[in-house]
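Structure at a glance
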Amino acid sequence: MNRRRLILASTLLLPAMPAFAQSSSSLLNLFAGTGAGANAFVERVTIASNFEVDSSKTLLEKSIHPQIRDYATRMIADHTAILAELRALPDAATRLPAGLDDRTQEKLIRLRTFEGDELNRWYVQMQVDGHKETVEIFEAYAANGEVPRLKEFAQRHLPSMRAHLAAAEALQGPRPPQ
C-alpha cells in the first residue's frame, strides 16, 4: 500500500517539481527503486529531446549564423535518433509523456519571439542550460537506475550529452568582463 501511495504521489508531483527548483537528478534519486525513477527519467529525456528538436527547428528557420545552424542541425539529428531509440524500448513505451511540460513550452514560445543575434544568444543559452540538466539526469540514472535497459540507455548516451553541452558552451564564446 505504501508503494502505491508513493507512485501516486510521484505521478502528481513530477510535473510540479521543476517549479520548486528541484533538480531532476535529485528527483530521480528520490524515487530510485520505486519505478517512479524510471518514469521521471523517460519523461525528462523525452521532454528535453523534443525541446532540442523543436527549438533547433525554430533556430534553423530564423538564423543565418553558420556555426549555430550546424549545431542545431546536429541536435535535430541526434535527439531525433535518441527519441526513436527510447520509444523502441519496451521499458519506456508506457512511460512516454504526451508532450512538452509547461515550463519547456514557455521556453519554446519565448525563443520564437527573438530575431537575429538575440535569437542566437537565447538559443545557445537554452542549449547550455538544457544540456546541463540533461547531463545530470543521464548521470543520475546511469548510476542509480532501476530498470536495466533504461540504465544501459543512459550509460550509452551520457557521453554524447556531455559532448552536446561542451559544443553549446563553445558557441557562447568569451564573455566580456563585467
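Predicted, not measured: the structure shown is a model, and the values here were computed from it. (Residues numbered from 1 in each chain as written. Predicted model: local features only at pLDDT ≥ 70, side-chain atom pairs only at ≥ 80, totals over all residues. Heavy atoms only, no water.)

Considerations on the overall build of the protein chain
In terms of helices and strands, the protein chain carries 8 helices and 0 strands. Secondary structure elements of the protein chain occur, N-terminal to C-terminal, as α-α-α-α-α-α-α-α. Across the 178 residues in the protein chain, those meeting the buried criterion constitute 43%. Taking contacts inside the protein chain between residues at least 6 apart in sequence as the whole, the part at least 24 apart equals 76%. (Helix = DSSP H or I, 4+ residues; strand = E, 2+ residues; numbered from the N terminus. Buried < 20%, exposed > 50% of the residue type's maximum accessible area, 1.4 Å probe, protein only. Contact = heavy atoms within 4.5 Å.)

Structural notes on the packing of aromatic side chains
Aromatic ring pairs: the centre-centre distance and the angle between the two ring planes describe each pair. Counted by the stated rule, this structure contains 6 aromatic pairs. With centroids separated by 5.4 Å and ring planes inclined at 75°, the aromatic side chains of Phe41 and Phe138 adopt a geometry described as edge-to-face. Of this pair, Phe41 sits in helix H3 (residues 36–62) while Phe138 sits in helix H7 (residues 116–144), and the two are 97 residues apart along the sequence. A relative accessible area of 1% places Phe138 in the buried class. With centroids separated by 4.8 Å and ring planes inclined at 15°, the aromatic side chains of Phe114 and Trp122 adopt a geometry described as stacked. (Phe/Tyr/Trp six-rings, centres within 6.5 Å; stacked < 30°, edge-to-face > 60°.)

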